[in-house]
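Architecture and fold: a report
Each chain, written out:
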2 protein chains.
Amino acid sequence: MEKFEITILGCGSATPSPKHYTSSQVVDIRGKLFMVDCGEGTQIQLRRSRVAFARINHIFISHLHGDHCFGLLGMISSFGLLGRTAPLYIHAPAELEPMLQQEMDFYCRDLEFQVEFQGFDPALSAQIYQDRSLTVTTIPLKHRVPCAGFLFRENPTADHLDRAAADFYGVPQWDYARIKEGGDFITAQGEVIPHDRLTTPAGPVRSYAYCCDTAYNPKMVPIIKGADLIYHDCTYAACDADRAKKHFHSTATDAARTALDAGAARLMLGHFSARYPDETILLDEACQIFSNTLLAKENLTVSI
Amino acid sequence: MEKFEITILGCGSATPSPKHYTSSQVVDIRGKLFMVDCGEGTQIQLRRSRVAFARINHIFISHLHGDHCFGLLGMISSFGLLGRTAPLYIHAPAELEPMLQQEMDFYCRDLEFQVEFQGFDPALSAQIYQDRSLTVTTIPLKHRVPCAGFLFRENPTADHLDRAAADFYGVPQWDYARIKEGGDFITAQGEVIPHDRLTTPAGPVRSYAYCCDTAYNPKMVPIIKGADLIYHDCTYAACDADRAKKHFHSTATDAARTALDAGAARLMLGHFSARYPDETILLDEACQIFSNTLLAKENLTVSI
């Protein structure tokens, strides 16, 4: 199966703790690297990971709180110092652009690469990136400021041609593409050979949903339905539900209910408050509702 | 002796390395904490150190390269989240103020403490801070952009009164202060008791010079003369002197010559390029010229 991996660079919440960096992760889909959020210290964590710095071409920013974007300027600046020439695409809430542009004008003159800003509206679910193999869609979240999650979803691929069957029925080569896309074949004798007899099914379409920062938000369930992995805000335990509500964050219970409602295969908890010396309390709480749950941690890589 | 300590939070150069954070350190003088430079990740390092986050009231920024100031916004933001109310003083090249103000307006609304910006001109040597026990003076350095070092110098204190001698000669209590400051005493019989017989000398005036980033710069020697400790740019080894010259940084030899010329007691090398897997090469090079040299490293605390 083609690579679809998530590497956690930071999974702590707002202020730094001795244990966690602030939010950032890298999604590696078939060797293409996508960074999601970029808190302070992201480039330091990146240097310590096995992720290839220079191969990151797209950075997605969920919202404009410092723990999700204060590392961006340092990343851009270091890319410059390291001699980058490839364009870097920043996908972020549109209001970031003028601020970032001023900061770059001030601190990062003479960059030898283009920083292409692609703003989006976090209040809408929209497709904001597409290539041959992948689509990225925003997920409106419920936070103190406009905030979006991101759904990384493989594009459906055509079925695989069964070469032996195709040869047996005399399918000409120029007709392969049509049959892989779903077509039947009609032989010279007029016999209809159904698509299913000529092909094996394509692999399942995999998807990863990054949902951070958010209060419990059932509205996003239809968007992330059937995700192979959900990374969900889990700032608090249920005993601190009042705080979660006040700060528009989630408890482990909220995260687990969302994963259950979405019919997800797996749930990764993250964005931990520093108040829990042992995060097993969060894991145990979630597992009571949704058993296939794991805790994020720095430098953890999860394959889908 | 009163506390005068330097704690290194980061001593790497421009781009992050797996080994070093970018520039930041904390000077603790009699329990007052002064931060010098604030590269990305400073607050993370601070959390891991024994330095009390909330007791930092002054931050000095040497110049406006990202590896010396990209951590400032995160510090200010976290101070806000942690409920700080005491004013925070930022001493930095004057051109930083409008940029920082815009960033704070964008990212740090609702701060419950004042950020007091005190701009200086890095091209001049001027006293930019003074309290009862300490003076901070800028040191013009030689870098690609305007850049200042900082001399932290204790104020001279009065001599200590020898209570036994004072009682013996009948010095009245109201006259103590004048005598400690250097006065003689005249007894009722008209006998002059010289200052020296009534007092013991004050401790020596200690000083610390932070000189980073800079090319070899003999002009600063008169300012840092007799420093107890110099922290000096040591980005390169002598074998890379061409690079040092090109980037306006120093070699270990440059740092050692400066310490020697200044008659310093000790030299600490820092701002290391990531190109030296073993920095002993830098230490050995400096020690040939100035033997009382040490290498900076993260979380090292040096007492003066």
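Within the structure shown, the criterion is met by 30 aromatic pairs over all chains. Residues Y107(A) and F70(B) carry aromatic rings whose centres are separated by 4.9 Å and whose planes lie at 85 degrees to one another, so their mutual orientation is edge-to-face. With Y107(A) in helix α4 (residues 96-107) and F70(B) in the loop between α2 (66-69) and α3 (72-81), this pair bridges two chains. Here Y107(A) matches F70(B) in class, with each residue buried. In this arrangement the basic side chain of R47(A) is found over the ring face of F53(A), its NZ or CZ atom lying 4.7 Å from the centre. It is R109(A) that lies over the ring of F106(A); its NZ or CZ is 5.9 Å from the centre.

Glancing now at the relation of the copies chain B and chain A. Least-squares fitting of chain B to chain A yields an RMSD of 0.3 Å, with the transformation described by 0.1 Å of translation along the axis and a rotation of 179 degrees. Taken together, the rotation angle and the small translation identify this as a two-fold axis. Within chain B, G41(B) has its C-alpha nearest the rotation axis, a separation of 2.5 Å. Looking at chain B, 100% of its interface residues are interface residues in chain A too, so the copies touch through the same face.

The next thing to look at is the side chain of H65(A). All names here are of chain A. Of note, H65 is situated in the loop between β4 (56-60) and α2 (66-69). Assessed through its relative accessible area of 17%, H65 is described here as buried. At a separation of 3.5 Å, a polar atom in the side chain of H65 contacts the side chain of H143. In contact with H65, other than residues within four places in its own chain, are H143, R144 and V145.

Regions with low pLDDT carry predicted coordinates that are not meant to be interpreted in detail. Per-chain confidence: chain A averages 95 in pLDDT, with 100% of residues scoring 70 or above. Across the whole predicted complex the pTM is 0.90, and at the interface the ipTM reaches 0.88.

Residue and element names in this part refer to chain A. Residues of helix α11 (residues 280-287) that are buried include every one of L282, E285 and A286, and no others. In a view along the axis of α11, the buried residues occupy a sector of 95 degrees, so they form one face of it. In this structure, the buried side of α11 is in contact with α10 (252-262), β16 (266-270) and β17 (293-295).

Cut-offs and rules
- Position numbers for residues count from 1 along each chain, tracking the sequence in the order it is written.
- The naming scheme follows written order: chains are lettered A onward, ligands numbered 1 onward.
- Local features in a predicted model are, by the rule used here, given only for residues with pLDDT of at least 70; side-chain atom pairs are given and counted only at 80 or more, and totals for whole chains, interfaces and linings are based on all residues.
- To get the side-chain values, all heavy atoms of the structure are used, and hydrogens and water are removed first.
- Stacked, tilted and edge-to-face are the three classes applied to pairs of Phe, Tyr and Trp rings, where Trp contributes its six-membered ring and a pair requires centres within 6.5 Å; stacked means planes under 30 degrees apart, edge-to-face means over 60, and tilted covers the rest.
- Per the convention used, a helix needs a DSSP run of H or I reaching at least four residues, while a strand needs a run of E reaching at least two, with both numbered from the N terminus.
- Exposure categories follow from relative accessible area, calculated using a 1.4 Å probe and restricted to protein chains: below 20% of the type maximum is buried, above 50% is exposed, and the middle band is partly exposed.
- By the criterion adopted, a ring carries a charge over it if an Arg CZ or a Lys NZ lies within 6 Å of its centre and within 35 degrees of its normal.
- Superposition of the copies used a least-squares fit over C-alpha atoms from residues whose pLDDT is at least 70 in both.
- Residue contacts are defined here by distance: any two heavy atoms, one from each residue, within 4.5 Å place the two residues in contact.
- Polar contacts, as used here, are pairs of N or O atoms within 3.5 Å; protein pairs need one atom able to donate a hydrogen and one able to accept it. Residues neighboring in sequence count only if both atoms are side-chain atoms.
- How sure the predictor is of each residue is captured by pLDDT, a score from 0 to 100.
- Our arc is simply the arc of the directions from the helix axis toward the C-beta atoms.

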